[in-house]
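# Notes for the structure review
Below, each chain spelled out in residue letters.
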Amino acid sequence: MKALVLFSGGVDSTTCLAMAIDKYGKDKVVALSISYGQKHVKEIEASDKIAEYYGVEHISIDLSKIFEYSDCSLLSSSDKEIPKDTYENQLKGTGGLPVSTYVPFRNGLFLSSAAAIALSKDCDVIYYGAHGDDAAGNAYPDCSDEFNRAMGDAIYIGSGKQLRIYAPFVNKPKSDVVAEGLKLKVPYELTWSCYEGKDKPCGVCGTCIDRRKAFEANGIKES
C-alpha cells in the first residue's frame, strides 16, 4: 500500500501526513503541495520544511491559472481584505453562501489533480485534511461529508476502482485533529495556518482563531 497526502503545510494536512507515515512508513508516502495563487508563500515554505523533517517525497504543482478569475480574498488576483473574524460571524452576512476566503471548488480540483498523480505514482489512497469545523454553516462546502462522499465515489469509479480518498476528520472538529497530531508528535511549530503572509500569524483571521481554539481545547496555548 502507498498513500498520497494533499499537503498544504497547515495543521490539518500535516496531521494527515503524520498519520499516513505512521501507517505506511515514509517510503510509502508522497506529499503533494499545490500553489493556487494565494497572496503569500508561507504555506509552501512550511510544506517544504515539514516534508524535509519527515523525509518524504514532496511534489509541488501550480494551479494558479485556474483561479486567477476569482475575487476570493485569499488570492493575489483580489484586492479584497481578508476578514478578521470567526467563520460563524462571517457567515451571518453571506446569505447562505460560503465565506469570502472560499476558493472556488478548490478541493475538487486538488483532489482531481491528486488522483491523476496518485495513480501515476502507484498510490492506493489519497489523504486530505477536511474537517467538520470548516464545513459548518456552508463556510467551505468542499470540506463537507457530502462532498467527500461524492468525490470519493467519483475518484474510485474514475480510477477503475484502484484509488480511494480518506478524510479522517471530515465529521470531527479541529480540536480532534490536534489531539491526534499530539499523539503522533507532529511538529506543529513548523506549520503555518494564517491567511496573512507576515512574519508572525495575525491571530485574528478565521483560520488563526480556529487554530487557537483547537490547541486550547487540548490544553495548549501557542506562543
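Whatever comes next refers back to the structure up there.
Let us look at the structure shown here.

Calculation notes
- Residues numbered from 1 in each chain as written.
- Predicted model: local features only at pLDDT ≥ 70, side-chain atom pairs only at ≥ 80, totals over all residues.
- Heavy atoms only, no water.
- Helix = DSSP H or I, 4+ residues; strand = E, 2+ residues; numbered from the N terminus.
- 1 Å grid on protein atoms, 1.4 Å probe; cavity = no way out; pocket = protein on both sides within 12 Å on 5 of 7 lines; lining within 4 Å.
- Points joined across faces, edges and corners; volume = space filled by probe spheres on them.
- Nonpolar A, V, L, I, M, F, W, Y, C, P; charged D, E, K, R; others polar.
- Expected span 1.5 Å × (residues − 1).
- Buried < 20%, exposed > 50% of the residue type's maximum accessible area, 1.4 Å probe, protein only.
- Phe/Tyr/Trp six-rings, centres within 6.5 Å; stacked < 30°, edge-to-face > 60°.
- Lys NZ or Arg CZ within 6 Å of the ring centre and 35° of its normal.

### Brief notes about unusual backbone geometry
- Of note, the phi angle at Asp-122 is positive, near 60°, even though the residue is not glycine.
- Looking at the element boundaries, Asp-122 is found in the loop between helix H5 (106-120) and strand S4 (125-127).

### With respect to empty space enclosed by the protein
- For the coordinates displayed, the defined rule picks out three cavities of 30 Å³ or more.
- Considered as a void within the structure, the largest cavity measures approximately 610 Å³ in volume.
- Taken together, 32 residues make up the lining of the largest cavity; nearest its centre are Ser-8, Asp-12, Glu-43, Arg-106 and Asp-134.
- Elements that contribute at least two residues to the lining of the largest cavity include exactly helix H1 (11-24), strand S2 (29-35), helix H2 (42-54), H5 and helix H9 (206-217).
- Its residues placed into classes, the lining of the largest cavity shows 16 nonpolar, 10 polar and six charged.

### Some points on H1
- If you check H1, its first and last C-alpha atoms are 20 Å apart, about what 14 residues at 1.5 Å a residue would give, namely 20 Å.
- Within H1, 12 of the 14 residues are buried, which leaves it mostly tucked inside the rest of the structure.

### Structural notes on the layout of surface pockets
- When its volume is computed, the second largest pocket comes out at roughly 160 Å³.
- Thr-86, Tyr-87, Glu-88, Asp-133, Pro-173, Lys-174, Ser-175, Asp-210, Lys-213 and Ala-214 are the residues that line the second largest pocket.
- For the lining of the second largest pocket, the secondary-structure elements that each account for two or more residues are helix H4 (87-91), helix H8 (174-183) and H9.
- Looking at the lining of the second largest pocket, the element that brings in the most residues is H9, giving three residues.
- Here the residues of the lining of the second largest pocket sort into three nonpolar, two polar and five charged.

### Focus: the packing of aromatic side chains
- Counted by the stated rule, this structure contains eight aromatic pairs.
- Residues Tyr-53 and Tyr-54 carry aromatic rings whose centres are separated by 5.0 Å and whose planes lie at 90° to one another, so their mutual orientation is edge-to-face.
- Ring plane angle 90° and centroid distance 5.2 Å describe the contact between Tyr-188 and Phe-215, whose orientation is recorded as edge-to-face. With Tyr-188 in the loop between H8 and H9 and Phe-215 in helix H9, this residue pair connects regions lying 27 residues apart in the sequence. The same class applies to Tyr-188 and to Phe-215, which are both buried.
- One residue, Lys-42, lies across the ring of Trp-192, its end atom 5.1 Å from the ring centre.
- Geometry around Tyr-36 places Arg-106 over its ring, the cationic atom sitting 4.9 Å from the centre.

Taken by themselves, the reported measurements are silent on function.
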